[in-house]
Amino acid sequence: MDQIFELLSITLGAILANNFIFSQFLGICPFLGVSKKVDTAVGMGIAVTFVMGLASAVCYVVNSLVLIPFELEYMQTVTFILVIASLVQFIEMFLQKSMPSLYTALGIYLPLITTNCAVLGVVLLNVQNNYNFIESVVYGITGGLGFLLAIVLFASIRERLVFADYPKAFEGFPIALVTAGLMALAFMGFSGLKVW
C-alpha cells in the first residue's frame, strides 16, 4: 500500500506540483517553440513523454548494470546523453516513416528533444532521488505528461491570443512570455498540494 501512495505522490508531483516547465523550468526551448498550434504541441508532448519514459527505463538499467558495478558513476551524464540521443534518433526515423506530417510540423524541434534538458533532468533526478525501476519509469512518464499538459494548455492560450486586444509592444513573443509567467504562477498553487 505504501508503494501505491509513493507512486501516486510521484505522479501528482511530476504533473502538477513539480511540473518540469512551470516549477523546475526545464524544457523551455521546445515549450516556447512548438506551442503555436495545439496539434503540433500535442505531437511534441507525446514524443517527449515517450522519450522521457523510455529514457528513464533504459538509463536506470544502464546505471544499475554498467555504471554502478564498475564504479563509473562520474560518467552518468555523458552516458545518459548518449542514450537519449539514440532514443530520439529512433523516434525521429519512426515519425519520418510513419507520420510525415507530424515530422514536418515538429521540424527542428524534434532533434532538440536530444538536448531537451527536461529529458536529461528526469533521468538525473531519478538517480538523485534513488528511485527504483518502477518509480523511475513512473516519474519519467508522468513528467512527460506534465510537459504535455503544460504545452497543450499554453498552445491553446496562444491560439486564442491571436484574437486578443493587447498593446502593440506585447505582440509576438513578449505576450507569450507574459502568458507563460502567469501560467507558472497558477501552477505554483499546486506546490502545497497534500494527497492524504
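Rules used throughout
Every residue gets a number counted from 1 within its own chain, in the order that chain's sequence is written. Totals for whole chains, interfaces and linings use every residue, but because this is a predicted model, local features are given only for residues with pLDDT of at least 70 and side-chain atom pairs only at 80 or more, for both listing and counting. Remark: hydrogens and water are excluded; side-chain values derive from all non-hydrogen atoms of the structure. Residues belong to a common nonpolar core when they are buried Ala, Val, Leu, Ile, Met, Phe, Trp, Tyr or Cys residues joined through side-chain atoms within 4.5 Å. Three exposure classes are used, based on accessible area relative to the maximum for each residue type with a 1.4 Å probe and protein chains only: buried under 20%, partly exposed in between, and exposed over 50%. Put simply, DSSP marks the helices as runs of H or I at least four residues long and the strands as runs of E at least two long, and each gets a number from the N terminus on. We call two residues contacting when some pair of their heavy atoms lies within 4.5 Å. Paired rings are identified among Phe, Tyr and Trp, the last through its six-membered ring, by centres lying within 6.5 Å, and are further divided according to the angle between planes into stacked (under 30 degrees), edge-to-face (over 60) and tilted (the rest). Note on method: axes are straight lines fitted to C-alpha atoms, helices fitted across the in-contact stretch only, with angles between N-to-C directions ranging 0 to 180 degrees. Each angle gets one of four labels, with under 35 degrees taken as roughly parallel, over 145 as roughly antiparallel, 65 to 115 as roughly perpendicular, and the rest as oblique. Should the near helix be turned counterclockwise from the far one by less than a right angle, the crossing is left-handed, whereas a clockwise turn marks it as right-handed. Here, a salt bridge means any Lys or Arg side-chain nitrogen found within 4 Å of an Asp or Glu carboxyl oxygen. Working rule for helices: expected span equals 1.5 Å times residues minus one.

### Describing the nonpolar core
Looking at soluble globular proteins, one finds that nonpolar side chains tend to be buried together.
Okay, so step 1: Residues Phe20, Phe22, Phe31, Met44, Ile113, Val123 and Tyr139 are the most contacted members of the largest nonpolar core, which totals 49 residues.
Okay, so step 2: Looking at this core, the elements that each hand over two or more residues are helix H1 (2-17), helix H2 (28-33), helix H3 (38-67), helix H4 (76-98), helix H5 (100-106), helix H6 (117-128), helix H7 (133-161) and helix H8 (173-188).
Okay, so step 3: Looking at this core element by element, the count peaks at 9 residues for H3.
Okay, so step 4: Apart from the residues lying within four places of it in its own chain, the contact partners of Tyr139 are Ile10, Ala14, Phe20, Gln24, Val122, Leu125, Asn126 and Tyr131.

### Quick word on unusual backbone geometry
Okay, so step 1: For Phe25, which is not glycine, the phi torsion reads 55° and is therefore positive.
Okay, so step 2: Relative to the elements of secondary structure, Phe25 occurs in the loop between H1 and H2.
Okay, so step 3: In this structure Phe25 comes out as exposed when scored by relative accessible area, which is 54%.

### Here's the deal with the packing of aromatic side chains
Okay, so step 1: Overall, the coordinates contain 7 aromatic pairs when judged by the stated rule.
Okay, so step 2: Between Phe20 and Tyr139, the ring centres sit 5.8 Å apart and the planes meet at 50°, which makes this aromatic pair tilted. Residue Phe20 is located in the loop between H1 and H2, and its partner Tyr139 is located in helix H7; the two are separated by 119 residues in the primary sequence.
Okay, so step 3: Geometrically, the ring pair formed by Phe31 and Phe154 is stacked, given 4.5 Å between the ring centres and 25° between the ring planes. Of this pair, Phe31 sits in helix H2 while Phe154 sits in helix H7, and the two are 123 residues apart along the sequence.

### Remarks on the packing of H1 against H7
Geometrically, a packed helix pair is captured by the angle between its two axes and the distance between the axes.
Okay, so step 1: At a closest axis distance of 7 Å, the pairing of H1 and H7 adopts a crossing angle of 30°. One way to sum up the angle between H1 and H7 is to call them roughly parallel. The hand of the H1/H7 crossing is right-handed. When H1 is examined against H7, the residues Gln3, Glu6, Leu7, Ile10, Thr11, Ala14, Ile15 and Leu16 are found in contact with a partner set consisting of Ile134, Glu135, Val138, Tyr139, Thr142, Gly143, Leu145, Gly146 and Leu149.

### Focus: the environment of Leu32
Okay, so step 1: Tracing the backbone through its elements, the reader meets Leu32 in helix H2.
Okay, so step 2: For Leu32, a relative accessible area of 15% corresponds to the buried category.
Okay, so step 3: Not counting chain neighbours up to four residues away, the residues in contact with Leu32 comprise Phe154, Arg158, Phe173 and Leu177.

### Examining the pattern of salt bridges
Okay, so step 1: If you walk through the whole model with that rule in mind, you get 1 salt bridge.
Okay, so step 2: Between Lys168 and Glu171 there is a salt bridge, with the nearest N and O atoms lying 3.7 Å from each other.
Okay, so step 3: Residue classification places Lys168 among the exposed positions, given a relative accessible area of 65%.

### With respect to H8
Counting along an α-helix, one turn takes 3.6 residues, and residues three or four places apart therefore face a common direction.
Okay, so step 1: Between its first and last C-alpha, H8 extends 23 Å over 16 residues, near the 22 Å set by a 1.5 Å rise per residue.
Okay, so step 2: By the burial criterion, the buried members of H8 are Ile175, Ala176, Thr179, Ala180, Met183, Ala184 and Phe187.
Okay, so step 3: Taken together, the buried residues of H8 touch H1, H2 and H7.

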